[in-house]
Amino acid sequence: MVLRDSKSLGKASDFSRVDREILTSILKLTLEGPVSKALLSKDARVPSQVTDEALRRFFGDGLIRLSDKAVETSLTQRIKIAIRALELGADSEKVCGFLSWQEFESVAAMAFEANNFTVERRFRFTWAGRKWEIDVLGCKEPIIACADCKHWHRGWGRSVITKAVEAQIDRTKALAEDLHSTQVLNRKLGLTNWKQRTLIPLILSLVPSPFKFYKKVPIVPVLQLQNFLSELPAHTDMVASFR
């Protein structure tokens, strides 16, 4: 076991606090595009020299794109910044407020497309006299992955997970019954010639939940979605599904 003296622990704590503040400001200010280092330093209330040192570290970690005077982020980098800030103890409500729901959804869609799924966002349909919506629908024969995007962090406990999973099971089951009973959605989604359809409900989160599965429904951190999808075809019998 390595013991640190109080001085070194204090320095580590200071680094975490500074990094947390700068990362939160990056998330806040880069939503509309590049931001100057000077403005970032001012918003984070961190001296410019300290800000520059932190930015070089973030650049080395692949969290940002850096030029002489400006900081820029990609969609995936913003997700990574949010996760890093939360790991450092940033206020979750504030961080998620700076990260738009559309950004979270787009990262999920990109992961599906990288695994050769066709994607439908905010897919709406009507079944049994009720309107339904699925955040992201990924289709690659025979799999139809029905994803519910949860980018919030606070209150990520058992009761919240239970409600989210049960609601997504209901949505997926309704879609399965609609596809079985009518051809309208099959034509709309390009499934007419599919020999089999396996609909799989899943929950996408910003950070890992206390459970990887609940009622056999996968709960997947969004940055792990691409790997999850690459392995899914070989493990469909291990997850909840409607055929």
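All figures in this text were calculated on a predicted structure; none of them were measured in a lab.

(A) Fine view of the sheet that holds strand E7 (residues 198-205). What the six strands build is an open sheet, ordered E4-E5-E6-E7-E9-E8; its pairing is mixed. If you trace the sheet from one side to the other, it starts and ends with strand E4 (118-127) and strand E8 (213-214), each paired once. Lying over the sheet, helix H6 (residues 101-114) contacts E4, strand E5 (130-140), strand E6 (143-150) and E7, oriented at roughly 110° with respect to E4. Contacts between helix H7 (residues 158-181) and the sheet are confined to E4, E5, E6, E7, E8 and strand E9 (217-221), with E7 contributing the most and set at about 150° to the helix.

(B) Region of the structure containing the packing of aromatic side chains. By the definition in use, this model includes three aromatic pairs. Look at phenylalanine 125 and tryptophan 132: their rings are 6.4 Å apart centre to centre, the planes differ by 10°, and that puts the pair in the stacked class. Residue phenylalanine 125 is classed as buried on the basis of its relative accessible area, which comes to 5%. What makes tryptophan 132 buried here is its relative accessible area of 12%. Clustering of aromatic rings is evident, with ring pairs tying together Phe123, Phe125 and Trp132. A cation over a ring is seen here: arginine 130 above tryptophan 132, with NZ or CZ 3.9 Å from the ring centre.

(C) Quick look at unusual backbone geometry. The amide bond that connects glutamate 141 to the next residue, proline 142, takes the cis arrangement and shows omega of 5°. In this structure, proline 142 sits in the loop between E5 and E6. Even without a glycine there, the phi angle at arginine 45 is positive, about 60°. Note that arginine 45 resides in the loop between helix H2 (37-44) and helix H3 (48-60). Residue classification places arginine 45 among the exposed residues on the basis of a relative accessible area of 76%.

(D) Representation of the pattern of salt bridges in the model. Scanning the entire structure with this criterion turns up 12 salt bridges. Residue aspartate 43 is joined to lysine 28 by a salt bridge in which the shortest nitrogen-to-oxygen separation is 3.0 Å. Of this pair, aspartate 43 sits in helix H2 while lysine 28 sits in helix H1 (residues 6-29), placing them 15 residues apart in sequence. Using a relative accessible area of 29% as the deciding quantity, one classes aspartate 43 as partly exposed. You can call lysine 28 partly exposed: its relative accessible area is 38%. Ionic pairing is found between glutamate 166 and lysine 215, a salt bridge with its closest N-O pair at 3.1 Å. Of this pair, glutamate 166 sits in helix H7 while lysine 215 sits in the loop between E8 and E9; the two residues are 49 residues apart in sequence, bridging distant segments of the chain. Under the relative-accessibility criterion, glutamate 166 is labelled partly exposed at 32%.

(E) Region of interest: the pairing of E6. Across the eight residues of E6, eight count as buried, placing the element largely inside the fold. On E6, burial covers both faces: Ile143, Ala145, Ala147 and Cys149 on one face and Ile144, Cys146, Asp148 and Lys150 on the other are all buried. The pairing of E5 with E6 spans five bridges and is antiparallel. Looking at the pairing, leucine 137 lines up with cysteine 146 of E6. Between E5 and E6, which follow one another and run antiparallel, lie two residues. Summarising the sheet, E6 and E7 pair through eight bridges and their orientation is parallel.

The rules we used
Residues numbered from 1 in each chain as written. Predicted model: local features only at pLDDT ≥ 70, side-chain atom pairs only at ≥ 80, totals over all residues. Heavy atoms only, no water. Pairing = 2+ DSSP bridges. Helix = DSSP H or I, 4+ residues; strand = E, 2+ residues; numbered from the N terminus. Contact = heavy atoms within 4.5 Å. Axes fitted to C-alpha atoms, helices over the stretch in contact; angles between N-to-C directions. Phe/Tyr/Trp six-rings, centres within 6.5 Å; stacked < 30°, edge-to-face > 60°. Buried < 20%, exposed > 50% of the residue type's maximum accessible area, 1.4 Å probe, protein only. Lys NZ or Arg CZ within 6 Å of the ring centre and 35° of its normal. Salt bridge = Lys/Arg side-chain N within 4 Å of Asp/Glu carboxyl O.

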